[in-house]
Amino acid sequence: MHAENIPSLTVRKAADLLASREASSTELTNAVLNRISRVEETIRAFVTVTKDMAIKQADQADARIATGNAHQLTGIPMQLKDNMCTRGISTTCSSLMLKTYLPTYDATVTKRLFDEGAVLIGKGNLDEFAMGSSTENSAFFPTHNPWDGERVPGGSSGGPAAAVAAGECIYALGSDTGGSIRQPASFCGIVGLKPTYGVVSRYGLVAFASSLDQIGPLTKDVTDAAIVLNTIAGHDPHDSTSIPFDVPDYTAALGKEIKGLKIGIPKEYFVEGVQPEVRDAVNVAISVFENLGASVSETSLPTSSHAMAVYYIIAPSEASANLARYDGVKYGYSAADTGRMWDALDKTRQDGFGPEVKRRIMLGTYALSTGYYDAYYLKAQKVRTLIRREFDQAFDKFDAIVTPTTPTVGFKLGEKTSDPVQMYLNDIFTQPANIAGIPAISVPCGIADGLPIGLQIMTNHMAEDTLLQLAYAYEQATEWHLEHPQI
Ligand code: GLN
C-alpha cells in the first residue's frame, strides 16, 4: 500500500482491498498517515491528526475483518470536519472559543461511523463556526487548495474537501448551511452531497443555523457518496428535526438509466458574473444528460434570486441565538480573571470570536430586535416559504434542476477577505437548496486554468435516489472524477 495511491483510492476500492486481504486496515491507515506527513505542511487541512486513535481503530478493524463481520466502511480512514463532536478529542470549530474543548460525547454521525468500524484520521479545518467560503476565517490557519497552493479550497468545509482531494483521507464528512459541502467540493474537484434537511442527524454538530445545517459526505466519486450516506442517514431520537423514515440502500439508484428523466435549467443561474469557462462546462454537461436520454428544458426560478438576502437574515439570526451559549461559564474559552461577571462575559466573547463571527452575531441580533423583527426576520421567513413553493412547483414539472455549483473556480487566498459581500456571493447558487431544505450534489464537470469546476444537481425532498442516479450517470459518461491534483 503506497501513499501515492491514496489520492485515487475510493471507499469502494479500499473496501475491496480489505475484504480480499490484499491490504490490512493498519497498512492502509499507515499509508494515509505517510501521505499526511508528506503533504500536510503545504495543504494544512487538519486541525488535529488523531494518529494514535487511528492506529488503534485500524487494529480493531483488522480484528473485525478477520471475523468476516465487516461493513464497507470498516477500517477505512476518514476525516471529520472539526465541528462534529468526538468524545475526548478536541472539537474546536476552528475557533479560539473552543480551542481546548473536549466533548463528553460523540455526535450521532461519529457514533454511526465508529459503530461500523471507521477509522478517524483527524479533524478538518473550517471557517470559524462554519461561517465563510474559503477557510480563511479559521482562527488557526487557512487551508490551501491541492490544485494550486495559492488558491483557497473553498469553505467552510475546506479542510475536509482538501484532505479528500490531496489523499489525506479516503472520505470526509462536512456540514452545509449555505453551500459549505458543495462549494469546497467544487473548488477541490470532488463530490459533495448535502442531503434533504432532516435526513442526517445534527446531534453533536455544533450548531450554526439550526434550520439550515445538514451533514453530508465529501468523496472521490458518486458511489462513495451513496455508501457513506447509507451509514449516516436515518432518524435519531436525539434530533427532533430528523425525519423518521426507512433508509433505502442509496447505492441501488446507481446505474439506473436516466432516459426520460426531466431536467430543468433555471435561466437565473446563467447570468452575468458567471465565469465563461464555468458556464461553458455546465452547458457541455447538460448536453451529456441529453445524450443519455434525459429531456432538458429551460425554466425560471425568479424567487430563488432572493435566497441570498433571505439566507443572510435567517442564518445570522439563528447564529446569534446559538452562539449566545459561549459565555465562558460552562465550557470553552473563559476570561474569568476580570473579577466581575459582565466584564468576564464581554472579554470572553471579545477574545474568543473572530471578526466574521462577530459580524454575524451583530447582524442576527439586529434582525431579531424589537422593531426590526417584522421587517427583517419575519419577512425573510415569508420569502423562504415562497422559495420553497417555487421549488415544489418546479418539481411538479421536473425530476431535477441542474446549475453550476459556484459562479467561479477557486479564487486566490486574500482575494476576497476585505469584501464580505464578494465572499458571500460565492454561495449564490448553493443557498437556495438550504432555504428549501432539498438535497443537492456537486460533481466535477471540467477544469479551467488548472482548477476544477463543479456541476450542481438538485432534486425534490427525499429524492436522494434520483439525485445519485443522475450524478452517477453523468460521472460514468465523463472522466472528470478521475482527475487528481499533482502534489
Ligand atoms: N459560506 C456560507 C456562509 O458563510 C455558507 C457556510 C456554510 O454552509 N456553513 O454562511
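Computed from a prediction, not measured in an experiment: that's the story for all the values here.

Visitor: Looking at this model, I keep getting lost on the overall build of the protein. Mind explaining?
Guide: Helix and strand counts for the protein come out as 15 helices and eleven strands. On the principal axes, the C-alpha backbone points of the protein span a range of 65 × 55 × 45 Å. Out of the 487 residues belonging to the protein, those deemed buried represent 61%. Pairs at least 24 apart in sequence give 76% of the contacts found in the protein among residues at least 6 apart. The protein carries 41 positive and 55 negative side-chain charges, and their two centres are separated by 4 Å.

Visitor: Mind showing me how you'd approach the nonpolar core here?
Guide: Grouped together as the largest cluster of nonpolar side chains are 144 residues, with contacts concentrated most on Phe-129, Tyr-171 and Phe-289. In terms of residue count, helix H9 (residues 307-322) provides more of this core than any other element does, nine residues in total.

Visitor: Where do I start with the packing of helix H2 (residues 25-43) against helix H3 (residues 51-66) in this structure?
Guide: The angle between the axes and the distance between the axes are what describe a pair of packed helices. Running from amino to carboxyl end, H2 crosses H3 at an angle of 155 degrees, the nearest separation of the two axes being 8 Å. Classified by the interaxial angle, the pair formed by H2 and H3 is roughly antiparallel. Along this stretch, H2 crosses H3, giving a crossing that reads as right-handed. Of the residues in H3, those touching H2 at Ser-25, Thr-26, Thr-29 and Leu-33 are Lys-51, Ala-54, Ile-55, Ala-58, Asp-59, Ala-61 and Asp-62. Residues belonging to the contact of H2 with H3 are distributed by class as follows: five nonpolar, three polar and three charged.

Visitor: Before we go on, may I ask you to explain the site of the ligand in this structure?
Guide: Near the ligand lie 15 residues; those nearest to it are Gly-178, Ser-180, Tyr-311, Arg-360 and Asp-427. Ser-156 places a polar side-chain atom, nitrogen or oxygen, 3.4 Å from a nitrogen atom of the ligand. In the complex, the protein chains occlude 100% of the 290 Å² of accessible area that the ligand would expose alone. The residue inventory of the shell around the ligand, partitioned by class, reads five nonpolar, seven polar and three charged.

Visitor: Any chance you could explain the pattern of salt bridges here in plain terms?
Guide: When charged atoms on two side chains of opposite charge get close, those side chains can pair. Overall, the coordinates contain 13 salt bridges when judged by the stated rule. Residue Arg-64 is joined to Glu-116 by a salt bridge in which the shortest nitrogen-to-oxygen separation is 3.5 Å. Here Arg-64 is found in helix H3, whereas its partner Glu-116 is found in the loop between helix H4 (108-115) and strand E3 (119-124), with 52 residues between them in sequence. Classification of Arg-64 by relative accessible area gives partly exposed; the value is 23%. Assessed through its relative accessible area of 23%, Glu-116 is described here as partly exposed. The salt bridge involving Glu-257 is made with Lys-259; its shortest N-O contact spans 3.8 Å. Relative accessible area serves as the criterion here: at 60%, Lys-259 is assigned to the exposed category.

Visitor: When you look at the packing of aromatic side chains in this model, what are you seeing that I'm missing?
Guide: For any pair of aromatic rings, the description consists of the separation of the ring centres together with the inter-plane angle of the planes. Under the defined criterion, the tally for this structure stands at 16 aromatic pairs. An angle of 45 degrees between the planes, with centres 5.2 Å apart, marks the rings of Tyr-105 and Tyr-203 as tilted. Of the two residues, Tyr-105 is situated in the loop between strand E2 (77-81) and H4 and Tyr-203 in the loop between strand E5 (191-194) and strand E6 (214-219); the sequence distance between them amounts to 98 residues. Residue classification places Tyr-105 among the partly exposed positions, given a relative accessible area of 29%. The interplanar angle of 90 degrees and the centroid separation of 6.2 Å between the aromatic rings of Tyr-326 and Phe-353 together place this pair among those described as edge-to-face. Of this pair, Tyr-326 sits in the loop between H9 and helix H10 (341-352) while Phe-353 sits in the loop between H10 and helix H11 (355-368), placing them 27 residues apart in sequence. Just as Tyr-326 is buried, Phe-353 falls in that class too. Taken together, Tyr-101, Phe-129, Tyr-326, Tyr-331 and Phe-353 form an aromatic cluster joined through their ring pairs. If you follow Arg-44 out to its NZ or CZ, it ends over the ring of Phe-141, 3.8 Å from the centre. The lysine or arginine in question, Lys-416, covers the ring of Phe-411, its NZ or CZ lying 4.5 Å from the ring centre.

Visitor: Got a minute to help me understand unusual backbone geometry in this structure?
Guide: Leaving glycine aside, a negative phi is the common case for residues, and trans is the common case for peptide bonds. With omega at 10 degrees, the peptide bond leading from Gly-155 into Ser-156 counts as cis. Topologically, Ser-156 is positioned in the loop between E3 and helix H5 (158-165). In this model, Arg-44 sits at a positive phi of 60 degrees, which is unusual for a non-glycine residue. Among the residues examined, Arg-44 registers a relative accessible area of 35% and is labelled partly exposed.

Visitor: Looking at this model, I keep getting lost on the packing of helix H8 (residues 276-291) against helix H15 (residues 464-477). Mind explaining?
Guide: Running from N to C, H8 and H15 cross one another at 100 degrees; their axes reach a closest spacing of 10 Å. Between H8 and H15, the crossing angle belongs to the class labelled roughly perpendicular. Of H15, the residues touching H8 (which contributes Ala-285, Val-288 and Phe-289) are Leu-470, Tyr-474 and Ala-477. Here the contact of H8 with H15 is composed, by residue class, of six nonpolar, no polar and no charged.

Visitor: Could you clarify how one ought to interpret the environment of Thr-135 in this entry?
Guide: The topology assignment puts Thr-135 in the loop between E3 and H5. Sequence spacing of Thr-135 and Gly-154 is 19 residues, and the spatial spacing of their C-alpha atoms is 6.6 Å. With residues near it in sequence (within four places) discarded, Thr-135 still touches Asn-125, Leu-126, Asp-127, Phe-141, Pro-142, Thr-143, Pro-153, Gly-154, Gly-155, Ser-156, Gly-158 and Gly-159.

Reading guide: rules and limits
Residue positions are given per chain, counted from 1 along the sequence in the order it is written. Reporting in this predicted model follows two pLDDT cut-offs: at least 70 for local features of residues, and 80 or more for side-chain atom pairs to be given and counted; totals over whole chains, interfaces and linings ignore these cut-offs and use all residues. Think of the side-chain values as coming from all heavy atoms in the structure, minus any hydrogens and water. We count a stretch as a helix when DSSP gives it H or I for four or more residues in a row; a strand needs E for two or more, and each element gets its number in order from the N terminus. Working definition: with a 1.4 Å probe on protein chains only, accessible area under 20% of the residue-type maximum means buried, over 50% means exposed, and in between means partly exposed. Every residue pair with non-hydrogen atoms within 4.5 Å of one another is taken to be in contact. A residue counts as positive if it is Lys or Arg and as negative if it is Asp or Glu; His and the chain ends are not included. By convention, charge coordinates are those of NZ in Lys, CZ in Arg, CG in Asp, or CD in Glu. Put simply, a nonpolar core is a bunch of buried Ala, Val, Leu, Ile, Met, Phe, Trp, Tyr and Cys residues held in one set by side-chain atoms that sit within 4.5 Å of each other. Note on geometry: axes are C-alpha line fits, over the in-contact stretch for helices, and angles between N-to-C directions span 0 to 180 degrees. For classification purposes, an angle smaller than 35 degrees is called roughly parallel, one larger than 145 roughly antiparallel, one from 65 to 115 roughly perpendicular, and anything else oblique. In this scheme the handedness of a crossing depends on how the near helix is turned from the far one: anticlockwise by less than a right angle means left-handed, clockwise means right-handed. Each residue gets one label: Ala, Val, Leu, Ile, Met, Phe, Trp, Tyr, Cys and Pro are nonpolar, Asp, Glu, Lys and Arg are charged, and the others, such as Gly, are polar. In these notes, residues near a molecule or strand are those with any non-hydrogen atom within 4 Å of it. Polar contact criterion, stated in full: a pair of N or O atoms within 3.5 Å, where within protein one must be able to donate a hydrogen and the other to accept it, and residues adjacent in sequence count only if both atoms are side-chain atoms. Using the Shrake-Rupley algorithm and a 1.4 Å probe, accessible areas are obtained, with residue cover drawn only from the displayed protein chains. When a carboxyl oxygen of Asp or Glu is within 4 Å of a side-chain nitrogen of Lys or Arg, the pair counts as a salt bridge. Two rings from Phe, Tyr or Trp (for Trp, the six-membered ring) form a pair when their centres sit within 6.5 Å of each other. Planes less than 30 degrees apart are called stacked, planes more than 60 degrees apart edge-to-face, and all others tilted. Any Lys NZ or Arg CZ found within 6 Å of a ring centre and within 35 degrees of that ring's normal is scored as a charge over the ring.

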